[in-house]
Amino acid sequence: MQLNPPVHRASTVLFKDTDAFLARGSQLYDGFMYGLYGTPTTRELETRIAAIEGGHRAIVVPSGLAAITHVILALCKPGDHIIITDSAYGGSRAFATSALVRLGIDVEYIPSDAGSVQAYLKPQTRLVLLESPGYYTMEIQDIAAIAAEAHAAGALVLLDNSWGFGASSMFEHGVDICCTALSKYAAGAGDLCMGSITVATEDMYRTLKAFVAGLGAGVSSDDAYLVMRGLLTLDTRLRDHAARALGLSQWLSSHPAVKEVINPARPGDRWHARFQKYFRGGNGLFSVVLHDGSLDAIRRMLDGLEVFKIGASWGSPHSLLAAAYPHGERSVDRWPKDQYILRLHIGLEKVAALKCDLDRALSRAAGIAALRVR
Ligand SMILES: *Cc1c(COP(=O)(O)O)cnc(C)c1O
């Protein structure tokens, strides 16, 4: 006997006789018929993800983005209307404005801090895609209020819960489907891509499982095993990342080069009340706006980092810095022209070394003397 489940690698699955083979399609939802559609390893991961999200069942897919695109394609048809918060993940926006528009699906972006979607709901509205906190700018929607309105109008709520995974119970707030980038804290090492679709009902599970299988999307059991290994330490890692990020957020908020720290987990943050309503804790990811948010200043800051690395994605023990230009990636939210935003992922390195690296970088950006923090 062993502590952890074994890795079952399979394309071929064997059947005991002709009838079992010919009836193998009945195994799609609960059993095993072909490696692509599930192995004991991927099914076990799905069970654990559903438990963490507080949902009924989950489906794992090759990436966080695939989770979102598969759900939208499975549920929306030409002529339908879909509402998307303006600060949704860049990949989701790109998919909406290319693929969905081409398919004749009416895409409408709404303010990312929405407390209501009543004004946007139409008879054809099929789906409301929320993401809290929003990508880079970190707005939190009033998820429960929006879910109630959407349901009354016959629409479903899909939430990108990549940030809140492990520290939220979004089904309690009326969300119908949670999509999560397991590439982040679930895997926890920055070394693989995977996503999950967690649903509230068996009907929705069957609809989405059949669609995902039909598109030929599945994950390898080796990767599924790595995510299960990450889940073993998820809670402690999240707490540790969150505590470090909170400490550095406080310190950064009084740094002379910093205009604003956006970390909803921080008391006093403009999204903190909604954070408290919807999340049990934070994590290592937050954003910073500099007084000088020009590309030149951002370059001076990022080029020369010693502990932080430059890169997208997050959730590993490594500290990362990424920059974005929200002005070019929003349809209805306002963001100042020529103002870049920084996204920090606080890893598990020594906090003093992170502070020192940040202080030197901010001083380079602002053209001021370093504070020589310890
Ligand atoms: C990373 C991320 C995704 C995409 O996940 P991938 O696994 O990289 O495709 C989607 N949404 C959010 C909020 C993310 O942070």
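Residues numbered from 1 in each chain as written. Predicted model: local features only at pLDDT ≥ 70, side-chain atom pairs only at ≥ 80, totals over all residues. Heavy atoms only, no water.

Caption draft 1: Summary view of empty space enclosed by the protein. A complete count under the given rule lists two cavities of 30 Å³ or more for this structure. Roughly 90 Å³ of internal volume is contained in the largest cavity. Along the wall of the largest cavity there are 14 residues; nearest its centre are Leu 36, Tyr 37, Val 60, Lys 209 and Gly 218. Residue assignment for the lining of the largest cavity shows that the elements contributing at least two residues are helix H2 (40-53), strand E1 (57-61) and helix H6 (202-215). By residue number, the principal contributor to the lining of the largest cavity is H6, which donates three residues. Looking at the lining of the largest cavity residue by residue, the classes come out as eight nonpolar, four polar and two charged. Approximately 30 Å³ is the volume found for the second largest cavity. Along the walls of the second largest cavity sit Leu 285, Gly 311, Ser 313, Trp 314, Leu 320, Leu 321, Ala 322, Arg 343, Leu 344 and His 345, which together make up its complete lining. Each residue belonging to the lining of the second largest cavity can be placed in one class, and the counts come to six nonpolar, three polar and one charged. (1 Å grid on protein atoms, 1.4 Å probe; cavity = no way out; pocket = protein on both sides within 12 Å on 5 of 7 lines; lining within 4 Å. Points joined across faces, edges and corners; volume = space filled by probe spheres on them. Helix = DSSP H or I, 4+ residues; strand = E, 2+ residues; numbered from the N terminus. Nonpolar A, V, L, I, M, F, W, Y, C, P; charged D, E, K, R; others polar.)

Caption draft 2: Molecular detail of the nonpolar core. Counting 80 residues, the largest nonpolar core has Leu 252 and Met 301 as its most contacted members. Among the elements that make up this core, the one with the highest residue count is helix H8 (residues 234-253) (six residues). A domain split of this core shows at least three residues from each of domain 1 (18-229) and domain 2 (233-366). In this structure, Leu 252 is in contact with Val 258, Val 261, Phe 286, Val 288, Leu 344, Leu 358 and Leu 362, ignoring residues within four places of it in sequence. Counting residues in hydrophobic clusters, the runner-up holds 32 residues, among them Val 71, Ile 82, Cys 179 and Tyr 205. (Core = buried A, V, L, I, M, F, W, Y, C linked by side-chain atoms within 4.5 Å. Buried < 20%, exposed > 50% of the residue type's maximum accessible area, 1.4 Å probe, protein only. Domains from an automatic or database assignment. Contact = heavy atoms within 4.5 Å.)

Caption draft 3: Representation of the layout of surface pockets within the structure. In this structure, the largest pocket encloses a volume near 410 Å³. Around the largest pocket sit 25 residues that line it, and Tyr 89, Tyr 135, Ser 162, Lys 184 and Trp 314 are the ones nearest its centre. Secondary-structure elements contributing two or more residues to the lining of the largest pocket are helix H3 (64-75) and strand E6 (177-181). When the residues that make up the lining of the largest pocket are grouped by side-chain class, the tally is 14 nonpolar, seven polar and four charged. When residues of the lining of the largest pocket are assigned to domains, at least three map to each of domain 1 (18-229) and domain 2 (233-366). By volume, the second largest pocket is sized at about 280 Å³. Around the second largest pocket, the lining is made up of 17 residues, and of these Thr 137, Glu 139, Arg 270, Arg 334 and Trp 335 lie nearest the centre. In terms of residues, the lining of the second largest pocket owes the most to one element, strand E8 (residues 258-262), which gives three residues. Here the residues of the lining of the second largest pocket sort into six nonpolar, three polar and eight charged. Looking at which domains feed residues into the lining of the second largest pocket, each of domain 1 (18-229) and domain 2 (233-366) gives three or more.

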